[in-house]
Amino acid sequence: DIMKIKHFFDDPTSTLTYVVYDEGAKTGVVIDTVTDFDPASGRTGNGASDKVAGFSAERGLKIPYVLDTHAHADHFTGLPYFKERYGCKTVIGRYITGVQAVFRDIFHLGADFPVDGSQFDVLLQDGETLEAGPIRIKAIHTPGHTPACLTYQIGDALFVGDAIFMPDFGTARCDFPGGSGEVLYDSIQKLYALPDETRVFTCHDYMPGGRELRYQSTVGEQKRSNVQLNGNTTREDYVAFRKQKDAGLSLPKLILPSLQVNIRAGRLPEPEENGTSYLKIPLNRF
């Protein structure tokens, strides 16, 4: 049977979630999910995940795995919603442990906060594969935006997280802890070495110039026309460009709430004795 890909766009965070599924086998995986969060009220919700679950239910899909490309800085992941609903395993890159260690200290979460990745069910290394029925998922380590970023290769499709956006928007920022323009350049070269017709699915689209939503390109298109890193861009030029560009960017609005949830695989902090969970905001740290 032929692999199908269904996208969902979360407007408040400009995030794309994908269901990759095999209709014959009635099996699918979900990539880069979203839990709704309203920072003004502190309220979370499942609207975005409900849409994905509704689609999966209509098709009678089993969902053995729900995957994050990295610890997102602009939205809460929906991993726990899918784990509870489908009994699926939660998946992220092996180097999430380094991200957890950095943010455990930034948020002063204490020595007993686990930084071994144990909040997730599966930690993938570069080149490792998972099988969900006939769907075969290969992990490609593509750090640079964060040290733990993975691209998931499924058939002729790459799910690149934030490494690359649509060609008219460019590539990820590299100024988060552990980020590196040099490293991202090398990661993208790995993807550019794949056949030109390989499809590329991005995790965000910011619709520059007010154009319509776009989320799918090809390796060939990216090499021809990515505005920040095309097939002819040198490492030196890219690194210099990235340093200058990142110096002028403000932090993502939800980075501080999101990261303390996402390093916990999307679970909210343990409720305090009054039954309420609290997030911490480090003041004057950034």
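Look above for the structure.
All of the points below concern the structure found in this document. Being a predicted model, the structure only gives us computed values, none of them experimental.

**Looking at the sheet that holds strand S11 (residues 150-154)**
Taken together, the six strands give an open sheet; going across it, the order is S9-S10-S11-S12-S13-S14, and neighbouring strands pair in mixed fashion. Each edge of the open sheet is held by one strand with a lone partner, namely strand S9 (129-132) and strand S14 (216-218). Direction aside, the axes of adjacent strands within the sheet are offset by 25° on average. Inspection of the sheet shows strand S12 (residues 157-159) paired to strand S13 (residues 199-201) by three bridges, in the parallel sense. Within S13, the residue paired with Phe 159 across the bridge is Phe 201. In this fold helix H4 (residues 181-192) packs onto strand S10 (135-141), S11 and S12, with an angle of close to 145° to the strand it touches most, S10.

**Thoughts on the environment of Leu 150**
Relative to the helices and strands, Leu 150 resides in strand S11. When the C-alpha atoms of Leu 150 and Val 122 are compared, they prove to be 13 Å apart, with 28 residues separating the residues in sequence. For Leu 150, the contacting residues outside a window of four places in its chain are Thr 69, Ile 92, Gly 93, Leu 124, Ala 139, Ile 140, His 141, Thr 142 and Phe 159.

**Examining unusual backbone geometry**
Of note in the backbone geometry, Met 207 takes a positive phi value of approximately 50° without being a glycine. One can find Met 207 in the loop between S13 and S14. The class of Met 207 is partly exposed, set by a relative accessible area of 26%. Unlike most non-glycine residues, Ala 265 shows phi in positive territory, near 60°. Position of Ala 265 relative to the elements: it lies in the segment after helix H7 (255-262).

**So, the packing of aromatic side chains**
Centre-to-centre distance and the angle between the planes together describe a pair of aromatic rings. All chains considered together, the criterion is met by 16 aromatic pairs. When the ring of Phe 82 is compared with that of Tyr 86, the centres are 6.1 Å apart and the planes differ by 10°; the resulting orientation is stacked. Linking Phe 82 with Tyr 86, this pair stays in helix H2 (residues 79-86), spanning four residues, or about one helical turn. Judged by its relative accessible area of 0%, Phe 82 is buried. A ring pair is formed by Phe 165 and Tyr 206, whose centres lie 5.9 Å apart and whose planes are at 70°; its orientation type is edge-to-face. Taken together, the positions of Phe 165 in the loop between S12 and H4 and Tyr 206 in the loop between S13 and S14 put the pair 41 residues apart, joining distant regions of the chain. On the basis of relative accessibility, which here comes to 7%, the residue Phe 165 falls in the buried class. An aromatic cluster is present here, built from Tyr 18, Phe 159, Phe 201 and Tyr 215 joined pairwise through their rings. Over the aromatic face of Phe 8 sits the side chain of Lys 6, whose NZ or CZ is 5.6 Å from the ring centroid. Over the aromatic face of Tyr 95 sits the side chain of Arg 94, whose NZ or CZ is 6.0 Å from the ring centroid.

**Side note on the sheet that holds strand S3 (residues 27-31)**
The six strands lie next to each other as S1-S2-S3-S6-S7-S8, forming an open sheet whose pairing is mixed. Each having just a single partner strand, strand S1 (3-10) and strand S8 (122-124) make up the two edges of the open sheet. Ignoring strand direction, the axes of neighbouring strands in this sheet form an average angle of 25°. Relative to S3, strand S2 (residues 15-22) is paired through five bridges, and the arrangement is antiparallel.

**Regarding the pairing of strand S6 (residues 62-67)**
Of the pairings in the sheet, the one linking S3 to S6 comprises four bridges and is parallel in character. Pairing of Val 29 across the sheet is with Tyr 65, part of S6. Examined bridge by bridge, S6 and strand S7 (residues 89-93) share three bridges and lie parallel to one another. Among the inter-strand pairings, Val 66 is bridged to a residue of S7, identified as Thr 90.

**Points about the pattern of salt bridges**
Scanning all chains against the criterion turns up 15 salt bridges. As a salt-bridge pair, Lys 83 and Asp 121 come within 2.8 Å of each other at their nearest N and O atoms. With a gap of 38 residues between them, Lys 83 in helix H2 and Asp 121 in the loop between helix H3 (96-106) and S8 connect regions that are remote in the sequence. Between Arg 242 and Asp 246 there is a salt bridge, and its shortest N-O distance comes to 2.8 Å.

The rules we used
- Residues numbered from 1 in each chain as written.
- Predicted model: local features only at pLDDT ≥ 70, side-chain atom pairs only at ≥ 80, totals over all residues.
- Heavy atoms only, no water.
- Pairing = 2+ DSSP bridges.
- Helix = DSSP H or I, 4+ residues; strand = E, 2+ residues; numbered from the N terminus.
- Axes fitted to C-alpha atoms, helices over the stretch in contact; angles between N-to-C directions.
- Contact = heavy atoms within 4.5 Å.
- Buried < 20%, exposed > 50% of the residue type's maximum accessible area, 1.4 Å probe, protein only.
- Phe/Tyr/Trp six-rings, centres within 6.5 Å; stacked < 30°, edge-to-face > 60°.
- Lys NZ or Arg CZ within 6 Å of the ring centre and 35° of its normal.
- Salt bridge = Lys/Arg side-chain N within 4 Å of Asp/Glu carboxyl O.

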